[in-house]
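The lines below spell out each chain.
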Amino acid sequence: MSATADHADGKSGEPNMASRLGLESGWVVQELGYDEDCDDALRDAIQETTGEEFVGEDTDDVVDVVLLWFRDGDGDLVDALFDVLTDLKAGGVVWLMTPKVGRDGYVDAADVAEAAPTAGLSTTSSLTVTADWSATKLVMPKSPRVKK
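All values reported here derive from a predicted model rather than from experimental measurement.

S.K.: Got a sec to walk through the pattern of salt bridges? Specific residues and values, please.
M.R.: Under the criterion given, the structure shown has six salt bridges. The shortest N-O distance in the salt bridge between glutamate 31 and arginine 43 comes to 2.6 Å. Of this pair, glutamate 31 sits in strand S1 (residues 29–32) while arginine 43 sits in helix H2 (residues 40–50); the two residues are 12 residues apart in sequence, bridging distant segments of the chain. What makes arginine 43 buried here is its relative accessible area of 15%. Note that lysine 89 is salt-bridged to aspartate 64, the shortest N-O span being 2.9 Å. Of this pair, lysine 89 sits in strand S3 (residues 88–99) while aspartate 64 sits in strand S2 (residues 63–69); the two residues are 25 residues apart in sequence, bridging distant segments of the chain. When salt bridges that share partners are traced, they join Glu31, Asp40 and Arg43 into one network.

Here it is in structure tokens:
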């Protein structure tokens, strides 16, 4: 692998965190909660990885991934998580992006841990993706198999 192959733009020196999110080419990503404080380098890397533009909340498509930027003060996290399930395909993933500790809008991990199961989601992993944002992977729990 070349020195630049693992970088979002080949010159920033920041690892391409989009690859750590497990995204694949052709996947449709719905972005919600975008504001001027979002990390544009990460957004660009995600679009480069998938080869697709983001779709918004008004999409008629079923999406593979929801990228939800959420800050303290953005409203109720449980409601936001319920809303993301509308367009998410079965087996899809929600990446909840929250400001890191000490940043404006920080969301406590305990709040995420409480909100996710209330919305019917399970927390599987958390990553530090940029200097200012953390990512928490949320999925629909697998249904237990019914034995006959």
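S.K.: Which residues make up the side chain of aspartate 64, and what values go with them?
M.R.: Look at aspartate 64 and you get buried, because its relative accessible area is 12%. Of the polar contacts made by the side chain of aspartate 64, one reaches the backbone nitrogen of valine 28; its length is 2.7 Å. Apart from the residues lying within four places of it in its own chain, the contact partners of aspartate 64 are Gly26, Trp27, Val28, Leu88, Lys89, Gly92 and Val93.

Rules and cut-offs
Residues numbered from 1 in each chain as written. Predicted model: local features only at pLDDT ≥ 70, side-chain atom pairs only at ≥ 80, totals over all residues. Heavy atoms only, no water. Salt bridge = Lys/Arg side-chain N within 4 Å of Asp/Glu carboxyl O. Helix = DSSP H or I, 4+ residues; strand = E, 2+ residues; numbered from the N terminus. Buried < 20%, exposed > 50% of the residue type's maximum accessible area, 1.4 Å probe, protein only. Polar contact = N/O pair within 3.5 Å; in protein donor to acceptor, adjacent residues only side chain to side chain. Contact = heavy atoms within 4.5 Å.

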